[in-house]
Amino acid sequence: MAEFRYQIRRFLRFSEEAARCAGLEPAQHQLLLAVKAHPGPTTVSDLAERLQLQHHSVVGLLDRLAACGLVRRRRAEVDRRCVCVELTRKGEAALSKLTLEHRAELRTGGKALAAALREILKHES
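Starting from 1, residues in each chain are numbered consecutively following that chain's sequence as written. Only residues with pLDDT of at least 70 get local features here, since the model is predicted, and only at 80 or more are side-chain atom pairs given and counted; chain-wide, interface and lining totals rely on the full set of residues. Note that the side-chain values use all heavy atoms of the structure and ignore hydrogens as well as water.

Q: Would you mind going over the overall build of the chain with me for this structure?
A: Each helix and strand in the chain was counted, giving five helices and three strands. Mapped from its N terminus to its C terminus, the chain presents α and β elements in the order α-α-β-α-α-β-β-α. The buried share of the chain, taken over its 125 residues, is 31%. Only heavy atoms matter for contacts: two residues are in contact if any of them lie within 4.5 Å across the pair. In the chain, of all internal contacts separated by at least 6 residues, the share reaching a separation of at least 24 is 47%. Exposure was quantified through the Shrake-Rupley algorithm and a 1.4 Å probe, taking into account, for residues, occlusion by the shown protein chains and nothing else. Here the chain displays about 8400 Å² of accessible surface, and carbon together with sulfur accounts for 55% of that area. Secondary structure is summarised from DSSP: a helix means a run of H or I of at least four residues, a strand means a run of E of at least two, and numbering begins at the N terminus for each. Only protein chains enter the calculation, and the probe is 1.4 Å; a residue is then buried if its accessible area is under 20% of its type maximum, exposed if over 50%, and partly exposed in between.

So this is what it looks like as structure tokens:
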């Protein structure tokens, strides 16, 4: 378990540093990922659940990302009380660049992470 947690922490540290090098805070990067991965329209409530954050914390992240031109908000068509979030072209580009960097890191460090997980699961049986 210790090795698995270490490998996860190594990857997360890489991810945090990559986000900062791209001019984003790690939580902002996570929000962009959550918007991209969500099927259909993404609401603030969806993002709060996905990121395990309070609604107002997500709103703060969105404010900063919208100010940078990485996301846009719009009212939901069915329920006008809901706000939907989508990536802009600039947000898509930033996320794409970070995703390529993360995939490269997983190609090198992912084997150790997978091996540590396999070892844990092997002992579960």
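There's more to say after this.
Q: Could you clarify how one ought to interpret the nonpolar core in this entry?
A: For soluble globular proteins, the rule of thumb is that nonpolar side chains tend to be buried together. Ranked by internal contacts, the top residues of the largest apolar core, which has 21 residues, are Leu-31, Leu-32, Leu-47 and Leu-62. Excluding its chain neighbours within four sequence positions, the residues that come into contact with Leu-31 are Leu-47, Leu-51, Val-58, Leu-61, Leu-62 and Leu-65. Each nonpolar core is a collection of buried residues, namely Ala, Val, Leu, Ile, Met, Phe, Trp, Tyr and Cys, held together in the definition by side-chain atoms within 4.5 Å.

Q: I tried to follow helix H1 (residues 2-21) on my own but got confused; where do I start?
A: Since one α-helical turn is 3.6 residues long, residues separated by three or four positions face the same way. Helix span, as expected, comes to 1.5 Å for every residue beyond the first. An ideal rise of 1.5 Å per residue puts 28 Å on 20 residues; H1 measures up with 28 Å between its terminal C-alpha atoms. When H1 is considered as a whole, its buried residues turn out to be Phe-4, Gln-7, Ser-15, Ala-18 and Ala-19. Along the long axis of H1, the arc covered by the buried residues comes to 110 degrees, so they all point the same way. For H1, exposure combined with an orientation more than 90 degrees from the buried face picks out Ala-2, Arg-5, Arg-13 and Cys-21. The inward-facing, buried residues of H1 contact helix H2 (26-37) and helix H5 (89-124). Just downstream of H1 lies Gly-23, where phi reads positive at about 85 degrees. This arc is built from the directions going out from the helix axis to the C-beta atoms.

Q: For this particular structure, what's the right way to read the packing of H1 against H2?
A: A packed helix pair is summarised by two numbers, namely the angle formed by the two axes and the spacing between the axes. Every axis in this analysis is a line fitted to C-alpha atoms, fitted for helices over the stretch in contact. Angles between the N-to-C directions lie between 0 and 180 degrees. The contact between H1 and H2 brings their axes to 8 Å, and the two run at 95 degrees. Classified by the angle their axes make, H1 and H2 are roughly perpendicular. The segment H1 lies against H2, with Ser-15, Glu-16, Ala-19 and Arg-20 engaging Pro-26, His-29 and Gln-30. Each residue receives one of three labels: charged for Asp, Glu, Lys and Arg, nonpolar for Ala, Val, Leu, Ile, Met, Phe, Trp, Tyr, Cys and Pro, and polar for the others, Gly being one of them. Residue composition of the contact of H1 with H2, grouped by class: two nonpolar, three polar and two charged. Oblique is the label for any angle not under 35 degrees, not over 145, and not in the 65 to 115 range, which are roughly parallel, roughly antiparallel and roughly perpendicular in turn.

Q: I'm lost on unusual backbone geometry in this one. Help?
A: Trans peptide bonds make up the majority, and among non-glycine residues the majority have a negative phi. Phi is positive for Gln-52, which is not a glycine, with a value near 55 degrees. The residue Gln-52 is located in the loop between helix H3 (44-51) and helix H4 (55-67) in this model.

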